[in-house]
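As a plain string of letters, each chain reads:
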Amino acid sequence: MLNYRCRSAFKLLEIDQKYSIIKPGHTVIDCGASPGSWSQLAVQQSNANGSQSGKPRGMVIGVDLLQIHPIEHATMLGNTDFTKQESQDKIRTLLGDRRVDCILSDMAPNATGVRSLDQENIITLCYSVLRFAILMSAPNASLLVKIWDNGEVPLLEKNMQKYYQQVKRIKPRASRSDSAENFILARGAMDQTKLKELGLRLFEINAFKFGDFKMKVGINSPVYFDLRVIVSYPDVMDTLTDLLTEFIKQIQVDTGVHLCGVPYTALPVATLISIKAKQPMLIRRKEAKTYGTKKLVEGKFNAGDKCLIIEDVVTSGSSILDTVNDLRSEGLVITDAIVVVDREQGGAQNTEEQGVRMHSLFTLSYLLNVLLEAGRIEEKTVQAVAKYIEGAQIKSDGSFMKNGTTVINELSRAGMTFEARADLAKCPVSKELLKLMASKKSTLCLAADLTKSEDILNLVEKVGPYICVLKTHVDIVEDFSDNFVKSLQSLAKKHNFMLMEDRKFADIGNTVALQYGSGLFKISSWADLVTVHSLPGQGVLKGLKSVLTDPSQQRGVFLLAEMSSQGNLATAQYSASTMKMTTEVDVDFVAGVVCQSSDLVAFPGLLQLTPGVKLEGGVDDLGQNYDSPEHVVKEKGADICVVGRGILTAKNQEDAAKQYQERLWAAYCERVGISE
């Protein structure tokens, strides 16, 4: 028998002898490992030391905030905080292609003397381990975490049941009988492949996105879910329905007689579950009809029947409770609700207080970690959203749970750096342009509205080092030729900027496809970006995109949402409809928006291009409004600023371009709070 470093080894030994959670060949993570007795036992039981001849050798990684003396055949990470992302990334690197078969956590917080706070802190540690386990566990893996009995433990157990076939609370004989210490053992980790794939698919179709969004409860959020878009994707609807139907079986909730979707987004989901599960459904109206039967709840039911609620996204839980109250007023019994996404902002607690247990297929934290693991977002994004969730816990009436709460959204587009925003961009061209702007320290777009190709090329040679985009109107170039295009492309490569043809496409799909790819100009062959009116609707984007048959040919569009000329007809409703187009279809093709308002573009991955910039503001003889660089960047929220005559008519065009570039960049640095 090994000379264990402390008696806690006998707790794990007793559990393992009864439940056989560590076997030869297993990969084991020991969280809170110091002084190392659990890791010692794990080395022995997993055969990491090769002592069991003929059996596979395992792997053991121990981690603790304290220093740990080395243990032979184990990797010990002392002075390491497991809850930090960089620590978990280090573990992932050590694991390589391995998945974890058993995760142990004997972690406990430093005692504060305040019982409720200590209990809350150990639950927080448990969730940190659970999140890691969900992402990194092999099928049928085990998870063992230490807890102190408190009111939050049942919810923790319920959340573990979503991901493990068996969850059991145990107290080893080696634990003191008078101690509040217990352990939760979760066995049979379920395969998360389909769930992760669906999470990534929801992100791809823009069912959820990052930015600065006004919520129903009245506060701004860095993440927004719009599951209404899934009705346009039958494959997503089918997968989601299958997973929810299976999820309902797994958690063994008493479904009762009826299903009822919270109006309106959850209705199609509830309908499909009803069909697949062969279970009757009720429809609750948001308001009673003023005609006919004037019913609030449609469907056949009797007082005393049970009903299971289906909801898409939950923040405070108020929508669920509104539905519950109406159904209960009709005599129906409701004890449980199935939710696609729990934003983890108090909804579960609020519904529980009203006698409704909430079971979520996804949590926001889980989705963030799936995206992080897949390389779709960066750790800074995860931290920003986690900080928001922690600070924005909401009661069912929309008020904050803690008085004096101030919500901080670190994913506001205007407050983020271009580097950080590049990580969130879904259009490859906007991603590259954001990186280009950051490396070149330029937000200047030159409008080269000249009629001679030689004049344009000479100008670009001088100002190229200071611009990020060159905007052309090739239909005014009197001597346009293929050589002119080749020269422009050569200069763009030399000085590192992108080419934008300000064509303002505004016709049906077939016509714009011909205008884009054919004719004299063959715009799609050389312009990285083009401008497009949203007036024709989604067909204009589909038409343009149909031209791009070469996958290596990365192109993007800027949709016109607002204009800078006096008396233009772009109404607020038109602008809002344009923004809707940027998020609902072809999200990998829309690079940005042409507009004048700082609050129009919420998604950080989209670029705001604003024309009408001069060193001194004003209005010209043709009604074109001009603003100073500082005003356009800091007040109007512009990312890329269009300058034309301010440079074209300058005595020294190069000096003028440099001055614009410097002032615009300084204004951007002030806006995001960084040094130049």
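Residues numbered from 1 in each chain as written. Predicted model: local features only at pLDDT ≥ 70, side-chain atom pairs only at ≥ 80, totals over all residues. Heavy atoms only, no water.

Draft legend 1. Quick peek at the overall build of the protein chain. A count of helices and strands for the protein chain gives 22 helices and 25 strands. Once the C-alpha set of the protein chain is aligned to its principal axes, its extents read approximately 90 × 75 × 50 Å. Counted over contacts in the protein chain with a minimum sequence separation of 6, partners at least 24 positions apart contribute 68%. Entry remark: accessible area of the protein chain is about 29300 Å², with carbon and sulfur atoms responsible for 48%. Averaged over its 77 positive side-chain charges, the protein chain has a centre that lies 5 Å from the centre of its 80 negative ones. (Helix = DSSP H or I, 4+ residues; strand = E, 2+ residues; numbered from the N terminus. Contact = heavy atoms within 4.5 Å. Areas by Shrake-Rupley, 256 points an atom, 1.4 Å probe, with all protein chains shown as cover. Lys, Arg positive; Asp, Glu negative; His and termini not counted. Charge placed at Lys NZ, Arg CZ, Asp CG, Glu CD.)

Draft legend 2. Representation of the environment of Met401 within the structure. Assignment of secondary structure puts Met401 in the loop between α12 (379-391) and α13 (418-422). Expressed as a C-alpha distance, the spacing of Met401 and Gly391, which sit ten residues apart in the sequence, is 9.5 Å. Contact partners of Met401, with chain neighbours within four places excluded, come to Gly346, Gln349, Asn350, Gln393, Ile394 and Lys395.

Draft legend 3. Quick look at the pattern of salt bridges. Per the stated rule, a full pass over the model turns up 33 salt bridges. Here Lys146 and Asp106 are joined by a salt bridge, their closest N and O atoms 3.2 Å apart. Placement of the pair is Lys146 in strand β5 (residues 137-148) and Asp106 in the loop between β4 (100-105) and α4 (115-136), with a sequence separation of 40 residues. Just as Lys146 is buried, Asp106 falls in that class too. Residues Asp528 and Arg555 are paired through a salt bridge, measuring 3.9 Å at the closest nitrogen-oxygen approach. Remark: Arg555 occurs in the loop between α18 (538-545) and β20 (556-560) and Asp528 occurs in the loop between α17 (509-517) and β19 (529-533); sequence separation between them is 27 residues. A relative accessible area of 12% places Arg555 in the buried class. Here the salt bridges do not stand alone but share partners, grouping Lys11, Asp106, Lys146 and Glu181 into one network. (Salt bridge = Lys/Arg side-chain N within 4 Å of Asp/Glu carboxyl O. Buried < 20%, exposed > 50% of the residue type's maximum accessible area, 1.4 Å probe, protein only.)

Draft legend 4. Quick look at the packing of helix α6 (residues 193-204) against helix α7 (residues 234-250). Viewed as axis vectors pointing N to C, α6 and α7 meet at an angle of 145 degrees, and their least axial separation amounts to 11 Å. Crossing angle aside, the handedness with which α6 passes α7 is left-handed. Across from Lys194, Leu195, Leu198, Arg201 and Leu202 in α6, the residues of α7 making contact are Asp235, Val236, Thr239, Leu240 and Leu243. Of the residues assigned to the contact of α6 with α7, the class counts are six nonpolar, one polar and three charged. (Axes fitted to C-alpha atoms, helices over the stretch in contact; angles between N-to-C directions. Left-handed = near helix turned anticlockwise from the far one by under 90°. Nonpolar A, V, L, I, M, F, W, Y, C, P; charged D, E, K, R; others polar.)

Draft legend 5. Structural context of the packing of aromatic side chains. Inspection of the entire model under this criterion finds 16 aromatic pairs. Geometrically, the ring pair formed by Tyr4 and Phe10 is edge-to-face, given 5.8 Å between the ring centres and 90 degrees between the ring planes. Judged by its relative accessible area of 38%, Phe10 is partly exposed. An aromatic cluster of three or more residues is present, and its members are Phe203, Phe208, Phe210 and Phe225. Cation over ring: Lys426 sits above Phe203, and NZ or CZ is 3.9 Å from the ring centre. (Phe/Tyr/Trp six-rings, centres within 6.5 Å; stacked < 30°, edge-to-face > 60°. Lys NZ or Arg CZ within 6 Å of the ring centre and 35° of its normal.)

Draft legend 6. Up close: the nonpolar core. Formed by 181 residues in total, the largest nonpolar core has its most connected members in Leu143, Leu202, Phe210, Phe362 and Ile640. For this core, the leading source of residues is α4, giving twelve residues. Setting aside residues no more than four positions away along its own chain, Ile640 makes contact with Leu433, Met437, Thr443, Cys445, Cys468, Val469, Phe558, Leu607, Gln608, Leu609 and Thr610. Formed by 26 residues, the second largest nonpolar core is a distinct cluster that contains Ile15, Ile21, Ile22 and Leu185. (Core = buried A, V, L, I, M, F, W, Y, C linked by side-chain atoms within 4.5 Å.)

Draft legend 7. Spatial organisation of the sheet that holds strand β14 (residues 336-342). An order of β12-β11-β10-β13-β14-β15 is seen for the six strands of this open sheet, with the pairing classed as mixed. Bordering the open sheet on either side are β12 (297-298) and β15 (357-363), each of which pairs with just one other strand. Its contacts with the sheet place helix α9 (residues 318-329) against β10 (258-261), β11 (281-284), β12, β13 (307-314), β14 and β15, and it is angled at close to 160 degrees to β13. (Pairing = 2+ DSSP bridges.)

Draft legend 8. Structural detail: unusual backbone geometry. In the segment running from Ser34 into Pro35, the intervening peptide bond is cis, with an omega of 5 degrees. Among the secondary structure elements, Pro35 is positioned in the loop between β1 (27-31) and α2 (37-45). Along the chain, Pro263 connects to Tyr264 via a cis peptide bond; the corresponding omega equals 5 degrees. Note that Tyr264 resides in the loop between β10 and α8 (266-277). The phi angle at His73 is positive, at roughly 70 degrees, despite the residue not being glycine. Of note, His73 is situated in the loop between β2 (59-63) and β3 (75-77). Phi at Lys504 takes a positive value of approximately 50 degrees, unusual for a residue other than glycine. Tracing the chain through its elements places Lys504 in strand β18 (residues 498-505).

Draft legend 9. Quick peek at the packing of α17 against α18. With their axes 7 Å apart at the nearest point, α17 and α18 run at an angle of 40 degrees to one another. With respect to their mutual orientation, α17 and α18 come out oblique. As for the relative orientation of α17 and α18, their crossing is right-handed in sense. Together, Gly509, Val512, Ala513 and Tyr516 of α17 and Gly539, Val540, Gly543 and Leu544 of α18 make up the contact between the two elements. Of the residues belonging to the contact of α17 with α18, the class tally is five nonpolar, three polar and no charged. (Parallel < 35°, antiparallel > 145°, perpendicular 65-115°, else oblique.)

Draft legend 10. Quick look at the domain arrangement of the protein chain. Domains assigned within the protein chain are domain 1 (7-190), domain 2 (195-411) and domain 3 (417-672). A C-alpha centroid distance of 53 Å is found between domain 1 and domain 3. (Domains from an automatic or database assignment.)

Draft legend 11. Spotlight on helix α5 (residues 153-161). Of all the positions in α5, only Val153, Leu156, Glu157, Lys158, Asn159 and Met160 are classed as buried. Considering only its buried residues, α5 is in contact with α4, β5, β6 (164-170), β7 (181-189), α10 (347-353) and β15.

Draft legend 12. Looking closely at the pairing of strand β9 (residues 220-225). Sheet topology places strand β8 (residues 208-214) next to β9; five bridges connect them, and they run antiparallel. Within β9, the residue paired with Phe213 across the bridge is Ser221. Connecting β8 to the next strand, β9, in antiparallel fashion are five residues, including Gly218 with a positive phi near 100 degrees.

Draft legend 13. Up close: helix α22 (residues 653-672). Helix length check: α22 (20 residues) gives 29 Å between terminal C-alpha atoms against 28 Å at 1.5 Å per residue, within 8%. The opening residue of α22, the one whose side-chain oxygen lies 3.2 Å from the backbone nitrogen of Glu654, is Asn652. At the exit of α22 stands Gly673, carrying a positive phi of roughly 75 degrees. (Expected span 1.5 Å × (residues − 1). Polar contact = N/O pair within 3.5 Å; in protein donor to acceptor, adjacent residues only side chain to side chain.)

Draft legend 14. A look at the environment of Ile508. Turning to its location among the elements, Ile508 is positioned in the loop between β18 and α17. For Ile508, a relative accessible area of 54% puts it in the exposed group. The spatial distance from the C-alpha of Ile508 to the C-alpha of Lys452 is 31 Å, given a sequence separation of 56 residues.

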